[in-house]
Amino acid sequence: GDSSFPRSIFANPINPAICPVLAIAVQVMLRSFHPDGIHHALFPGNDQENRFSKDLASVLTALSETESAKLGAKKCDIGTHSIRKGE
């Protein structure tokens, strides 16, 4: 679409729990063995950025104070822009 442009992602070999390359590999493997045999889009839907933003906000809201302290930033300072820019 009009808003499509190349994106770069990098592996995180030190912490596999937050590695985007591993997450995409798992997603691709799980989708390729779907029992119904129907092709499923890797990122389904038309408004992924908005959906991700809402999901991120709901996850941050559900964090306890102890979990929030481990983030290294205030919950109000975390958003999709900070993830994309690595801030």
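Further up the page is the structure itself.
Residues numbered from 1 in each chain as written. Predicted model: local features only at pLDDT ≥ 70, side-chain atom pairs only at ≥ 80, totals over all residues. Heavy atoms only, no water.

**Topic: the overall build of the protein**
When helices and strands are tallied, the protein shows four helices and zero strands. The linear arrangement of helices and strands in the protein, starting from the amino end, is α-α-α-α. Looking at the protein as a whole, 7% of its 87 residues are labelled buried. Across the protein, contacts joining residues at least 24 apart in sequence account for 16% of those joining residues at least 6 apart. In the structure as shown, the protein presents an accessible area of about 7,500 Å², 61% of it carried by carbon and sulfur atoms. (Helix = DSSP H or I, 4+ residues; strand = E, 2+ residues; numbered from the N terminus. Buried < 20%, exposed > 50% of the residue type's maximum accessible area, 1.4 Å probe, protein only. Contact = heavy atoms within 4.5 Å. Areas by Shrake-Rupley, 256 points an atom, 1.4 Å probe, with all protein chains shown as cover.)

**With respect to the side chain of Ser68**
Mapping Ser68 onto the fold places it in helix H3 (residues 65-69). Beyond its immediate stretch of four places on either side in the chain, Ser68 contacts Leu63, Ala73 and Lys75.

**So, the environment of Leu71**
For Leu71, the location among the structural elements is in the loop between H3 and helix H4 (80-85). C-alpha separation for the pair Leu71 and Leu60, spaced eleven residues apart in sequence, amounts to 10.0 Å. Sequence-distant contacts of Leu71, defined by excluding residues within four places in its chain, comprise Leu60, Leu63 and Ile78.

**Points about a nonpolar patch on the surface**
Together, Leu22, Val26 and Leu30 make up an exposed nonpolar region whose accessible area comes to about 270 Å². Of note, Leu22 is situated in helix H1 (residues 20-32). Residue classification places Leu22 among the partly exposed positions, given a relative accessible area of 41%. (Patch = residues over 30% accessible without salt bridge, like charges linked within 9 Å, V, L, I, M, F, W, Y side chains within 5 Å. Salt bridge = Lys/Arg side-chain N within 4 Å of Asp/Glu carboxyl O.)

**What about the environment of Asn12?**
For Asn12, the position within the fold is in the segment before H1. The partly exposed category is assigned to Asn12, whose relative accessible area is 23%. Expressed as a C-alpha distance, the spacing of Asn12 and Leu22, which sit ten residues apart in the sequence, is 8.5 Å. Looking at Asn12, its side chain comes within polar contact range of the main-chain nitrogen of Asn15, at 3.0 Å. (Polar contact = N/O pair within 3.5 Å; in protein donor to acceptor, adjacent residues only side chain to side chain.)

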